[in-house]
Amino acid sequence: MEVLLDIMEPGKSPDPHQAVPGARKRVVGIDLGTTYSLVAAIGVEGQPLCIPDEDGRVALPSVVHYGADGRIITGETARDLAPSHPVETILSVKRYMGRGVEDIRRRHPMIPHVLEEGPGGMVRIVAGERTVSPVEVSSEILKELKSRAEDTLGGPLHGVVITVPAYFDDAQRQATKDAARVAGLEVLRLLNEPTAAALAYGLEKGREGMYAIYDLGGGTFDVSLLKLEKGIFQVRATGGDSALGGDDFDHWLMARFLGELGEEHPQPGLIQACRKLAREVKERLSDEEEVAYALPGGTTGRVTRDAFEAGIRELARKTLPICRRVLKDGGVGAEELQGVVLVGGSTRVPLVRRLVAEFFGREPLTDLDPDQVVALGAAHQADLLGGNDTQEMLLLDVTPLSLGIETMGDLVEKIVPRNSPIPTARAQDFTTFKDGQTAMAVHVVQGERELASQCRSLARFELRGIPPMAAGAARIRVTYRVDADGLLTVAAREETTGVEQSIVVQPSYGLTDEEIAGMLQEAMRHGAADMEARLLNEARVEAERVLAAAGSALRDDGDLLNENELKRVKALMLALWETSRGQSAATIDQAVREMDAGTRFFAQRRMDRSLQGAMTGRKVDDFA
Ligand code: ADP
Ligand code: MG
């Protein structure tokens, strides 16, 4: 504490650019973790440091207790209150950020809280006398870190960088920003956790190539591939399991303890006590070969690291196929990596380190404290964005899933492909399908499947006020813009009139990383079938378009045909319509071609007529 106060003192910065004493902006990085949260800032040595509380602890348990007297307690004390006050104490709130009630009930059937539906489908948690949103709960954690930082840095903060898992979707990111706002913090940027870890190691100054970031925390596992190229950092691929982490290791020990106690139906209080002991024993086993413990009630026992590691081996091994998939997604072999970074408290478990080293065929980077590394990198980035650091650096992240638009026939047109570096803006032109069409529905979807109904629906809106024109004449430009925080804005604009409509996408329900992994797997598994379905739908859409065009041609210029010709055209239309109900794309395509060939003379006559019309409608001068 002493040291930090000293090094943070304004005006003592050794930075040569900081001529004015105290000019250094008070900016911090915050790792808002599921289990623990930390805040870090740049010290006088120019190195980021985590800021400790009065007792010298840097990791604040991400736990909030709502007392009957209206008091709100966070951190260690709140965690200690959890066993006796399970309903008033909220743990792992990060898991509920940006999610709805049903979603949480399905994912966390054991959650001891009464949940209510709040505005926008978001969950509210009954905590004792009050009902709180995950955003409010997170803001309490942020407020605690904020006051800790302000005490140490000697004044109000100018801004923060908060880290989020690379997998966080728009709703979860937005919820994180909202929590910061409620806590009175100015968010300079949300930063993906793996990117923060790479920054902490200064990898951006290192050798070009790919780096893997392996993050095993309390309740979640994330693995990311970062590519460093010409000083530019990109997250190239991500994967993970949102229900795998140190808590599962605790469970193994807990089950053992409860077994030793002979408790078949333990009370919640006993479970929590055993859980706490399990975590302590587990953490000691990272340094000690054998640990002795005393259970509630006085029973004592011992557990060796070997026994513990045998017990959690399968759990830890579950991370490896995920690493394999991410390497595959990133298109690299383990041997091509420049380095592997360990992040998260659970990577202190020696077995985890061995498995990672073995899998990647190299010793991972572990110089920095794995549970501080994300906060340290965030502090680095905050310093940069706060204008304290003059060094040029561009940080890019990627979109975890493709973002697309539904087109006719339940098809998906991908606009921002998966793994696109962000921020990004991409546009695509669309046109009207029917004559005189004055509105167009925009359905924003996320996912890899070929059909919109198989992707995740993010938003819908309608572009209205398109001037009535012939089918295909309007030009509607749809732009997808993903900002640096991963938030998506979709805009549709009719180019001739400038009519525009846009939406910021904040889906009410988030996706877990398993769901994302599942969606990717589905897409791969269904690849061939999807392609067939796509072709069939495309053929049907084309058939429908041709039929609609023929219909309006007959309406407008039917008088150009004699009775026989009219019959022939109608017969072709009927044949095409019937074929398009069938299941074969090839047959439909064939019928479309026949229709085309069989009505060419009609199209020719119409063209002649419209040309005449154009000429008679204009002054001769126009053709001079
Ligand atoms: P999160 O990012 O989920 O908040 P952290 O990265 O802070 O999580 O990791 C928390 C987890 O790390 C907890 O399960 C904790 O018990 C575990 N952990 C912390 N220190 C050790 C250690 N020395 N040995 C084993 N596990 C540890
Ligand atoms: Mg973490």
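Per chain, residues are indexed from 1 in the order of the written sequence. Here the convention is simple: chains get letters from A, ligands get numbers from 1, in the order in which they are written. Local features in this predicted model are restricted to residues of pLDDT 70 or higher, and side-chain atom pairs are both shown and tallied only at a pLDDT of 80 or more, whereas totals for entire chains, interfaces and linings draw on every residue. To get the side-chain values, all heavy atoms of the structure are used, and hydrogens and water are removed first.

Once that is clear, we can look at the packing of aromatic side chains. Aromatic contacts are taken between Phe, Tyr and Trp rings whose centres are within 6.5 Å, Trp giving its six-membered ring; a plane angle under 30 degrees counts as stacked, one over 60 as edge-to-face, and the others as tilted. Summed over the entire model, instances satisfying the criterion amount to 5 aromatic pairs. Aromatic side chains tryptophan 252 and phenylalanine 308 sit 6.2 Å apart centroid to centroid with 65° between the ring planes, which places their arrangement in the edge-to-face category. Here phenylalanine 308 lies in helix H9 (residues 305–317) and tryptophan 252 lies in helix H7 (residues 246–261), a separation of 56 residues in the sequence. Burial classes: relative accessible area under 20% of the type maximum marks a residue as buried, over 50% as exposed, and values in between as partly exposed (1.4 Å probe, protein chains only). For phenylalanine 308, a relative accessible area of 2% gives the class buried. Taking 4.8 Å as the distance between ring centres and 85° as the angle between the ring planes, the aromatic pair formed by phenylalanine 359 and phenylalanine 360 counts as edge-to-face. By relative accessible area, which is 3% here, phenylalanine 360 ends up buried. Three or more aromatic residues joined by ring pairs form one cluster here, namely Phe249, Trp252 and Phe308. In this scheme, Lys NZ or Arg CZ marks a charge over a ring once it lies within 6 Å of the ring centre and within 35 degrees of the ring normal. The ring of phenylalanine 168 carries the charged tip of lysine 94 above its face, separated from the ring centre by 5.9 Å. The numbering of helices and of strands both runs from the N terminus, where a helix is a DSSP run of H or I of at least 4 residues and a strand a run of E of at least 2.

So, on to the site of ligand 1. The nearness test applies per residue and asks whether one of its heavy atoms lies within 4 Å of the molecule or strand. With respect to spatial proximity, 18 residues lie near ligand 1, and among them Thr35, Gly218, Lys282, Glu283 and Ser286 are the closest. Contact distances for ligand 1 include 3.2 Å between an oxygen atom and a backbone N or O atom of threonine 34. Under the rule applied, a polar contact is a pair of N or O atoms within 3.5 Å (in protein, one hydrogen donor and one hydrogen acceptor; residues adjacent in sequence only if both atoms are side-chain atoms). A distance of 2.7 Å separates an oxygen atom of ligand 1 from a polar atom in the side chain of lysine 282. In terms of residue count, the dominant contributor to the shell around ligand 1 is helix H8 (residues 268–285) (3 residues).

This paragraph deals with the pairing of strand S11 (residues 159–164). For S11, the tally of buried residues reaches 6 of 6 residues, placing the bulk of the element in the interior. Side chains of S11 alternate between two faces, with Gly159, Val161 and Thr163 and Val160, Ile162 and Val164 buried alike. The pairing criterion is simple: DSSP has to find at least two bridges between the two strands. Summarising the sheet, strand S1 (residues 27–32) and S11 pair through 5 bridges and their orientation is parallel. The residue bridging valine 28 from the neighbouring strand is valine 160, located in S11. Relative to strand S12 (residues 187–192), S11 runs parallel, the two being bridged by 5 bridges. Note that in S12 the partner of threonine 163 across the bridge is leucine 191. Handedness of the crossover joining S11 and S12 through helix H5 (residues 170–182) is recorded here as right-handed. We call a crossover right-handed when, viewed with both strands directed away from the observer, the connection leading from the first strand over the helix to the second proceeds clockwise.

This paragraph deals with the side chain of glutamate 140. Of note, glutamate 140 is situated in helix H4 (residues 134–153). You can call glutamate 140 buried: its relative accessible area is 14%. Here lysine 143 takes part through its side chain, which lies 3.2 Å from a polar atom of the side chain of glutamate 140. Setting aside chain neighbours within four positions, we find glutamate 140 in contact with Val64, Tyr66, Ile72 and Thr74. Should any heavy atoms of two residues lie within 4.5 Å, those residues are considered in contact.

To continue, consider the pattern of salt bridges. For this analysis, a salt bridge means a side-chain nitrogen from Lys or Arg found within 4 Å of a carboxyl oxygen belonging to Asp or Glu. Counted by the stated rule, this structure contains 30 salt bridges. Put simply, arginine 477 and aspartate 429 hold a salt bridge, and the shortest N to O gap is 2.8 Å. Pair noted here: arginine 477 is in strand S26 (residues 476–482) and aspartate 429 is in strand S23 (residues 424–430), with a separation of 48 residues, a long-range link. Among the charged side chains, a network of salt bridges with common partners joins Asp53, Asp55, Arg57, Glu76 and Arg79.

Moving on, we come to the nonpolar core. Only buried Ala, Val, Leu, Ile, Met, Phe, Trp, Tyr and Cys residues count toward a nonpolar core, and they belong to the same one when joined by side-chain atoms within 4.5 Å. With 44 residues, the main nonpolar core has Leu225, Phe257, Val281, Leu337 and Phe360 as its most contacted residues. Once you skip the residues sitting within four places of it in the chain, phenylalanine 257 turns out to touch Cys274, Leu277, Ala278, Val281, Tyr293 and Leu295. Judged by nonpolar contacts, the second largest core, of 39 residues, contains Leu32, Ala180, Ala183 and Leu185.

Ordered in space as S23-S26-S27-S28, the 4 strands form an open sheet in which the pairing is antiparallel. A strand with exactly one partner marks an edge of an open sheet, and here the two such strands are S23 and strand S28 (500–505). With direction set aside, neighbouring strand axes in the sheet form an average angle of 15°. In this analysis, axes come from line fits to C-alpha atoms, helices being fitted only over the stretch in contact, and the angle between any two N-to-C directions falls in the range 0 to 180 degrees.

Quick look at the packing of H9 against helix H11 (residues 350–360) now. Where H9 meets H11, the axes come as close as 9 Å, and the angle between the chain directions of the two elements is 50°. Overall, the two elements H9 and H11 adopt an arrangement that is oblique. As H9 packs across H11, the resulting crossing turns out to be right-handed. Residues Arg305, Glu309, Ile312, Arg313, Ala316 and Arg317 of H9 pack against Pro350, Leu351, Val352, Arg354 and Leu355 of H11. Split into classes, the residues belonging to the contact of H9 with H11 amount to 6 nonpolar, no polar and 5 charged. Just so you know how the angles are binned, under 35 degrees is roughly parallel, over 145 roughly antiparallel, 65 to 115 roughly perpendicular, and the rest oblique. Two helices cross in a left-handed way if the nearer one is turned anticlockwise from the farther one by less than a right angle. They cross in a right-handed way if the turn is clockwise. Throughout, the ten residues Ala, Val, Leu, Ile, Met, Phe, Trp, Tyr, Cys and Pro are labelled nonpolar, Asp, Glu, Lys and Arg are labelled charged, and all others, Gly among them, are labelled polar.

Attention now moves to the sheet that holds strand S9 (residues 123–127). Taken in spatial order, the 3 strands line up as S8-S9-S10 in an open sheet, and their pairing is antiparallel. Each having just a single partner strand, strand S8 (114–117) and strand S10 (130–132) make up the two edges of the open sheet. Between one strand and the next, the sheet's axes are offset by a mean angle of 35°, whatever the strand orientation. For S9 and S10, the ladder comprises 3 bridges, and the chain directions are antiparallel. Its bridge partner lying in S10, alanine 127 is registered against arginine 130.

Summarising burial for helix H6 (residues 193–200): 8 of the 8 residues are buried, a large majority. Taken together, the buried positions of H6 are Glu193, Pro194, Thr195, Ala196, Ala197, Ala198, Leu199 and Ala200. Count one or two residues on from H6 and you reach glycine 202, which has phi positive near 65°.

Once that is clear, we can look at the environment of phenylalanine 360. Tracing the chain through its elements places phenylalanine 360 in helix H11. Sequence separation between phenylalanine 360 and alanine 334 is 26 residues, and the spatial gap between their C-alpha atoms is 5.2 Å.

The phi angle at serine 92 is positive, at roughly 50°, despite the residue not being glycine. Relative to the elements of secondary structure, serine 92 occurs in the loop between strand S7 (89–91) and helix H3 (101–107). A residue is classified by how much of its surface remains accessible, and serine 92, at 18% relative accessible area, is buried. Here the phi dihedral of aspartate 410 falls at roughly 65°; this positive angle occurs in a residue that is not glycine. The topology assignment puts aspartate 410 in the loop between strand S20 (403–407) and strand S21 (411–416). Overall, aspartate 410 belongs to the partly exposed group, its relative accessible area being 23%.

Right, let's get into the packing of H7 against H9. Between H7 and H9, whose axes approach to 10 Å, the crossing angle comes to 135°. Between H7 and H9, the angle falls in the class oblique. Where H7 crosses over H9, the two elements pack in a sense that is right-handed. Between H7, through Asp248, Phe249, Trp252, Leu253 and Arg256, and H9, the contact on the second element is made entirely by Ala307, Phe308, Gly311, Ile312, Leu315 and Ala316. Across the contact of H7 with H9, the residue classes tally to 8 nonpolar, 1 polar and 2 charged.

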